[in-house]
Each structure stands twice: as C-alpha cells, then as structure tokens.
Amino acid sequence: MLKRFFTYYRPHRGLFVLDFSCAVTSGLLELGFPIAVKVFIDTLLPTGQWGLIALASAGLLAIYILNAGLMATVTYWGHMLGINIETEMRAKAFDHLQKLSFGFFDNQKTGHLVARLTKDLEEIGEVAHHGPEDLFIAVMTLIGAFILMFSVNVKLALITALVVPLVAWLTTRYGGRMTRNWQALYGRVGDFNARIEENVGGIRVVQAFANEDHERRLFVRDNQSYRRTKLEAYRIMAASTSLSYLSMRLIQMTVMVAGSYFVITGELSAGGFIGFLLLVGVFFRPIEKINSVIETYPKGIAGFKRYASFLDTRPDIADRPGARDVGKLRGDIQYRDVHFGYAAGRDVLDGLNLTIQAGETVAFVGPSGAGKTTICSLLPRFYEVDSGSIAIDGIDIRNMTLRSLRGQIGIVQQDVFLFAGTIRENIAYGRLEATEAEIRDAARRARLDEVIASLPAGLDTLIGERGVKLSGGQKQRLAIARIFLKNPPILILDEATSALDTETERAIQQALAELSKGRTTLVIAHRLATIVNADRIAVIDRGVIVEQGDHQELLASDGMYRRLSEAQFG
Ligand code: ADP
Ligand code: MG
C-alpha cells in the first residue's frame, strides 16, 4: 500500500527534493543551536571580549533568518507537493468514475462517492506532504539530539535514555487504536452524507407525507453514532496527549535534578547544563511531530485505502481488446437468445430473440416490470448480456468500442436530466461541437423554438438547479433536440410521452415522428394509442416476447395485446 502511495511522488521528484532538503537543513540548524549556546557560555563569555560576543550573536541571527526562509519554503512548496498529488489523484478518480457502469452506480450511495473525491483526498494530500518529511526529520532529530547529549555528558545522557522507552511505548500504544477509530469515523461520515443527500433529494416526498419526524429520527441515529465514534477518537487522543506531555516533563525533571548534581560535583559546566536542557527541548519536538503524524497518518492511509480500492473496481463493461470503432451503421438489430438478470439467479430476460430491420419502428408493450426497459438498456451496453448476443448490422456490440456504439443510439426517456446551465448548453450536450445554426435547427425541429422565443434570454436562459423551470413537455422537447443534433441511426423512446397531457403529447408526437424518420426505432409506450402505427408491436411478458405483429393482427389474435387494448380503449 505504501509503495503504491509513493508512486504518486514520482512526477514531483524535484519539488520533493527541494522540500525535503530544506526541511532537513532546518532540522540540522535547530540541532546545532544548543551546542552554540554551550560554546557561547563556556568559551566566549569567559573571554569577556564584547567584539567576539557581538560577532557570534550576529552569526546566530543570520542563521535564524536563513532558517526562517527554509521554514517558509517548507510550508509553501511542501504543501504545493501535497496539493499537486491531491489534484492528480482527484483527476484520476473522476476519470475512473466516468468509466464505471450502470451496475456500479445502482449499488452506490452518492454521498460515499462524493466523500471519496473530496474529504478523503484532502486527508491524503496532508499526509503526502507531512508524512515522509516529518517522519524523517523526527528520526533524524531524535538520533542527532541523542548523539549531542552523549557528547555533552555521557552519564546524564544515559539517565535520559532510561526514560525514553516510556515515551516511545506511550506513543506507539495509541497509534493502532487511533487508526481504527478514524477509519470507523469516515464510514460514519459517508453514511451521513448519503442520508443528507437522500433527504434533500426526496424532501418533497418527505413533506408531502409529513414524515419529517421519521426522517429526523433516522438522522439523529446517524448523527449520534457519528458523535460517539468521534468522541471515542478524541478520548484516545486526550489520553495520549496528556500522557506524552507528562512523560516529557518527566524527562525534563530528571535532567534538572541529575544535571544540578553533576554541576555541583564539577562534572558538568554551566554551559553544558543549559545546552543539555535545550537539547532535551529539541528532543521533545520530534515526539510532538510523531504524535501529529500518528494523528494525520491514519486518516490519510484510511483515505488512501478507500481511494485505492475505488480505483481497483474494474468497470465491468469496457472496451474489449480488439474492439473497433464502427462508422455510421445502418441499424439492423438482432437479439439472439439473450439471457440477462440484474442479480445472479434472477433472470429478467429469459431467452429473448428479436430481429429489427434498419429503419423499422418496433413498439414494446406489456405489463410493468416485464423487461421492456431492460431490453433497451442492453443495446447501448449499459448492462451486459449474461448469455446470447446482440448485434447491429451483423457486428456483435461487444466487438465495438463503447464510444462508437453509443454514438449510434439516441435515447429519450420519461425523466430528462438537465444540467445546470443555459438551454443552449443543454441542447449542445447532444453534440458538443455543434454550431449556433445547428442548435437552432435542432430546437426548431424539436418544436422548441417557440418556447425559446418566449423566454427572456432565449437560448441563453439558465435552466436546471437555479434557473428557469421547464415543464415536463418542454424538457421532453429539449431531450429530442439533443438527439436531432446527435443524429444517430438508432432511436430508443422509453415512455417518452407517458407523463404528458394529451395536448402537449400531440406536439411532441409530431417531433418524435420526425425524429424517428429514417431511423431504427425502439419505442416503449404505456399508452397504446401512441404506437398503433408502429411497423411492429412486440408484447413482452416476463422477459420474453409472447406475441408480435401489427396492431390489427394482434387485435385479431385475441391474446394479451387485445386484453391490454380493451382495458385502455374500452
Ligand atoms: P419494464 O420497463 O417492462 O417496466 P424493466 O425492464 O424496467 O421493466 O424491469 C424488469 C425487471 O428488472 C423488474 O423486475 C425490475 O424490478 C428489475 N430491474 C430494473 N432495473 C433494475 C436495476 N437497475 N437493478 C435491479 N433490478 C432492476
Ligand atoms: Mg420501463
């Protein structure tokens, strides 16, 4: 895991070396200071020469200024290193997110995914900067301070050394428990974000059912469980902070008492005594550093583990090796003995066979849950068939690149997703490089031009989250305009008009009729009136075609279609 973490440093080697060497130099200067004081007191002071003393002081000041510069470098460039790594990781994660299939998102909570790309990566960035540097300097300072202590007075150094294991034991003792606690905490944050997301998304339903109290109870439970986990983390932190403080002071007092004794017996000079005490101070700092690393490191590593496991989820639908880009296809479609289920063991499609000629319009009807949407979702490979095959123009869709396959298919659904932005941007989503004239033409053909003309800013009107709200029918026409721009040979209309009133529906029917002209069209309609003119109607029940033919034929055959039709037309 750590090795993988360090691969992210590779592009920033220069920055890392700069940061690291500045930090090391600064650490060495800090180490040298107590010795300078010792020399100052023991050697310079007794000479009584003011000139020399002033010179030495000026020298020290110069070193401090240098050190200040080094610290600024470490803080700025060091954090730049962290931020660069964080940015890169986030870009990689987002890129990966785009590749994951519908099946993945069906089973994910949005809150968890969002936390992964924001909070987790922030923690990782912190560790990326502070982790290696702090650890190295801490170890270097610890060892350096020790060697210097021995050089000042061996006995005093040995006495100090006796107390050190206590400190080491205390700091490591809490490390593991803190890691586990932070990990648990992040799980809670994810649950939490997911709960809020869901609540905001469903707030209209919550209020319509007046179920605010119920939601509050659910939320309070998560909120309290988060509080408990966090409190536990801080309880451990509190114990470890105060214990390490106490043990440090213990070292200091030991040195005070033993040092005084050695000064009185004449084994230690006054400068040596002060220098030693200062060294003990230098010795403390890395312990504090190690403590702070122990605090941030688990968070970063916990985050990195989640990040790595996210990157390791292989998209279950991806280009096969040797998949090729298909140019514009004609649109002959063939489903051959297709079996498919969303979960293992529960087949939604149970041996579906269906051939559609290029340019033909085939309508799917049947009870809700029969598998109509599923049939259409398999064509752009949103989900992968379990067995059997689907081919377009005789080419298995699994041998096409996803990009070129999906470029052949336009989909209009009941729910239209609008991105926050202008109408122009939302139409242009169909083909990002479309020109102004093409966008206007698409809008006109989708019968959207009158709507646009009536809006204050026309095509530049903001829609979506904070802009103008479009009605269901207007959204539908916007979706149609997108497809006009995309201009694919195959069209899927999944209950595109089901949510509309009959008046609007007629306008949209005209737009749809124009859209499907010359394209192979798969249409799912709840209302049979909208599909009576289809070239062929396939009645789907429990994942297989139970009847097919045109409207008249199916009515004559006295089967499921006839029953459905009688239920709707009376
Ligand atoms: P239809 O469009 O004919 O109403 P669907 O194709 O949407 O039916 O659904 C067929 C079956 O598959 C239903 O039992 C439905 O519950 C199930 N199903 C649909 N989508 C998913 C999904 N994303 N995950 C799991 N099961 C699903
Ligand atoms: Mg459906």
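Quick caveat, the model's predicted, so the values are computed rather than measured.

## With respect to the domain arrangement of the protein
Under the domain assignment, the protein is made up of domain 1 (2-312), domain 2 (317-408 + 491-497 + 521-570) and domain 3 (410-487). Counting residues at the interface gives four residues for domain 1, matched by four residues for domain 2.

## A word on the nonpolar core
Core analysis: the biggest nonpolar cluster contains 69 residues, and A363, I427, I480, A481 and I537 have the highest contact counts within it. In terms of residue count, helix α15 (residues 472-486) provides more of this core than any other element does, seven residues in total. Viewed by domain, this core spans two of them, domain 2 (317-408 + 491-497 + 521-570) and domain 3 (410-487), each represented by three or more residues. In this view, A481 contacts I427, A442, A443, A446 and L448; residues no more than four positions away in its chain are not counted. F16, A23, A128 and Y186 belong to the second-largest nonpolar core, a separate cluster that totals 25 residues.

## What about the sheet that holds strand β3 (residues 361-365)?
Adjacent strands of a sheet pair through backbone hydrogen bonds, lying either parallel or antiparallel. In space, the six strands of this open sheet follow the order β6-β9-β10-β3-β11-β12, with mixed pairing throughout. Among the strands making up the open sheet, the edge pair consists of β6 (409-413) and β12 (544-549). Pairwise comparison of adjacent strand axes, ignoring direction, gives a mean angle of 20° for this sheet. Pairing geometry for β6 and strand β9 (residues 490-494), over five bridges, is parallel. Across the sheet, the residue bridging to Q413 is D494, located in β9. Packed onto the sheet, α15 meets β6 and β9 and runs at close to 175° relative to β6. Those strands touched by helix α18 (residues 560-569) are β3, β11 (536-541) and β12, and its axis lies near 95° from that of β11.

Thresholds, definitions, all that
- Residues numbered from 1 in each chain as written.
- Chains lettered and ligands numbered in written order.
- Predicted model: local features only at pLDDT ≥ 70, side-chain atom pairs only at ≥ 80, totals over all residues.
- Domains from an automatic or database assignment.
- Contact = placed C-beta atoms within 7 Å.
- Core = buried A, V, L, I, M, F, W, Y, C linked by C-beta atoms within 7 Å.
- Buried ≥ 20, exposed ≤ 12 C-beta atoms within 10 Å, placed from the backbone.
- Helix = DSSP H or I, 4+ residues; strand = E, 2+ residues; numbered from the N terminus.
- Pairing = 2+ DSSP bridges.
- Axes fitted to C-alpha atoms, helices over the stretch in contact; angles between N-to-C directions.

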